[in-house]
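Listed here are the chains, written in short residue letters.
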Amino acid sequence: MTLSKTTAILLLTAAVTAPAFAKKEKSKAETTPSTPAPTATASTTSGSADSRPAATVGGTVITMEALDHAAANQLAKFRQQEYDVRASVLNSLIQQQLITDEAAARKVSEADLMKAEVDDKSGSPTPDDVSKFYDTNKARMGGKSFDDVKGDIEKMLKGQKANDRRGQFLAELTAKNNVKVMLDPPRSTVTIRPGTPAMGPENAPVTIVEWSDYQCPFCKRAHPTVQQVLSEYKDKVRFVYLDYPLPFHQMAMPASQAVHCAEDQGKFWEYHTNLFEAAGDLSHADLTKRATDLGLDSAAFEACTTANKHDGLIKSNFDDGAALGVTGTPAFFINGRMLVGAQPIEQFRDVINDELSRKGVPAPKPGTGTN
């Protein structure tokens, strides 16, 4: 794995919170699954149910499994924070070792090496650079004249150039040295039920599972990013979409019902894309019009939505997400690594490229979809 991708920080700030389909925790013996247990997994991490008692209340046992389920979101955050600290410190140790080895190879001191490769090569900002920065940020200068702040701007821009050159130099050292990082990020076991709609090859090295809500504005904002990811990574990524209709989004559940009724007619992804890209209020009339526009059998679609045919599936999708710590939307699991919210494309690239490098698969150049 290349050094530049080992310190991707996963932002664990949910766009919205509050789980739907809230359910009372019971002991394992008291719980009956509403659907057959999933058989396919998207991540390599596995674990068995922990039936040890955490507490007893009268004759009821609260198991460790139930406790971990209820605390899944908080525990995921702590695990991620622990990994972030380790990854940051490890990155510093790797960088220091690269500098030490390079200085030894050149038979110079580390200070002389950094002066020659960073200070001497980073250069200084031009007068135009300084003037342009002042003009662009004049409103933030507190009324100070150009002459008052010129020296500070020059110093700041010179520092930026030095930092940029240092990063470039470390990337050069990484490229020519055998740097392998074995520190593994926290992962959840993500199960995919047979027949779940998915895009991309089954053997893709990276699987992205999204729990989302069709009425969620953050999910709509994330949709173009997901499309860009699929375009860039093509056969390297498999994408799975699962329902997580939040209770305060009154039209989210009907929209999920509608998309699965469209799935019955072989047009899940067409309807899914329409829900995110075409304007509408997600009312019954709006959902019906979308079906008509896509050429679905109107009578069959109406019968399906009226009967709430897919409520059990939607609830199961929701419960699976909640068990992994999903409390808001959108929530993504990239090979089991949690990424929450409408994050920029760079966040997805960092995690996906890291996963590809761990499997020895070259990453495509951004925006090209090719190696």
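Overview of the overall build of the protein
The secondary structure content of the protein amounts to twelve helices and nine strands. Evaluated residue by residue, the protein yields a buried proportion of 42% over its 371 residues. Within the protein, contacts between residues separated by at least 24 positions form 76% of all contacts whose residues are at least 6 apart in sequence. When the accessible area of the protein is evaluated, it comes to approximately 19,400 Å², of which 54% is carbon and sulfur surface.

Some points on unusual backbone geometry
Cis geometry marks the peptide bond from Thr 329 to Pro 330; its omega dihedral reads -5 degrees. Among the structural elements, Pro 330 can be located in the loop between α11 (311–323) and β8 (331–334). For Lys 234, which is not glycine, the phi dihedral falls at a positive 40 degrees. As for its placement among the helices and strands, Lys 234 is situated in the loop between α6 (217–233) and β7 (237–243). On the accessibility criterion, Lys 234 (46% relative accessible area) is partly exposed.

Describing the packing of aromatic side chains
With the rule as written, the count across this model stands at ten aromatic pairs. Measuring from ring centre to ring centre gives 5.4 Å for Tyr 134 and Phe 146, while their planes differ by 75 degrees; the resulting arrangement is edge-to-face. With Tyr 134 in helix α4 (residues 127–136) and Phe 146 in helix α5 (residues 146–176), this residue pair connects regions lying twelve residues apart in the sequence. Residue Phe 146 is classed as partly exposed on the basis of its relative accessible area, which comes to 26%. Between Phe 332 and Phe 348 the ring centres are 5.0 Å apart and the planes differ by 85 degrees, which places this aromatic pair in the edge-to-face class.

Focus on the pattern of salt bridges
Scanning the model with the defined rule gives 22 salt bridges in all. One salt bridge connects Asp 184 with Arg 187, and the closest N-O pair in it is separated by 3.0 Å. Assessed through its relative accessible area of 42%, Asp 184 is described here as partly exposed. Its salt-bridge partner being Asp 354, residue Arg 337 comes within 2.7 Å of it at the nearest N-O pair. Remark: Asp 354 occurs in helix α12 (residues 345–358) and Arg 337 occurs in strand β9 (residues 337–340); sequence separation between them is 17 residues. You can call Arg 337 buried: its relative accessible area is 1%.

As for the sheet that holds β9
Spatial strand order, β5-β7-β6-β8-β9: five strands in an open sheet with mixed pairing. Here the strands that pair on one side only, and so sit at the sheet edges, are β5 (198–199) and β9. Alignment of β5 against β7, held across two bridges, turns out to be antiparallel. In the sheet register, Ala 198 faces β7, and the bridge partner there is Val 240. The sheet contacts of α12 involve β6 (206–212), β7, β8 and β9, and relative to β9 the element is tilted by about 170 degrees.

Comments concerning the confidence of the model for the protein
Taken residue by residue, the protein gives an average pLDDT of 86. The fraction at 70 or more is 85%. The model gives residues 1–47 a pLDDT under 50, and that stretch makes 114 contacts with residues more than four places away or in other chains.

What to know about empty space enclosed by the protein
Think of a ball as big as a water molecule: rolled over the atoms, this probe shows where empty space is left. Under the definition given, this model contains two cavities of 30 Å³ or more. There is about 100 Å³ of room inside the largest cavity. Contributing to the lining of the largest cavity are ten residues, with Ala 76, Gln 80, Pro 186, Ser 188 and Met 338 lying nearest its centre. Within the residue set of the lining of the largest cavity, elements represented by two or more residues are α2 (72–106) and β9. Considering every element that reaches the lining of the largest cavity, the biggest residue donor is α2, with three residues. Its residues placed into classes, the lining of the largest cavity shows four nonpolar, three polar and three charged. Quantified by volume, the second largest cavity comes out at close to 40 Å³. Lining the second largest cavity, in full, are Ile 208, Val 226, Val 229, Leu 230, Phe 239, Phe 332 and Phe 348. The greatest single-element share of the lining of the second largest cavity, amounting to three residues, is contributed by α6. Residue composition of the lining of the second largest cavity, by class: seven nonpolar, no polar and no charged.

Thresholds applied
- Residues numbered from 1 in each chain as written.
- Predicted model: local features only at pLDDT ≥ 70, side-chain atom pairs only at ≥ 80, totals over all residues.
- Heavy atoms only, no water.
- Helix = DSSP H or I, 4+ residues; strand = E, 2+ residues; numbered from the N terminus.
- Buried < 20%, exposed > 50% of the residue type's maximum accessible area, 1.4 Å probe, protein only.
- Contact = heavy atoms within 4.5 Å.
- Areas by Shrake-Rupley, 256 points an atom, 1.4 Å probe, with all protein chains shown as cover.
- Phe/Tyr/Trp six-rings, centres within 6.5 Å; stacked < 30°, edge-to-face > 60°.
- Salt bridge = Lys/Arg side-chain N within 4 Å of Asp/Glu carboxyl O.
- Pairing = 2+ DSSP bridges.
- Axes fitted to C-alpha atoms, helices over the stretch in contact; angles between N-to-C directions.
- pLDDT = per-residue confidence, 0-100.
- 1 Å grid on protein atoms, 1.4 Å probe; cavity = no way out; pocket = protein on both sides within 12 Å on 5 of 7 lines; lining within 4 Å.
- Points joined across faces, edges and corners; volume = space filled by probe spheres on them.
- Nonpolar A, V, L, I, M, F, W, Y, C, P; charged D, E, K, R; others polar.

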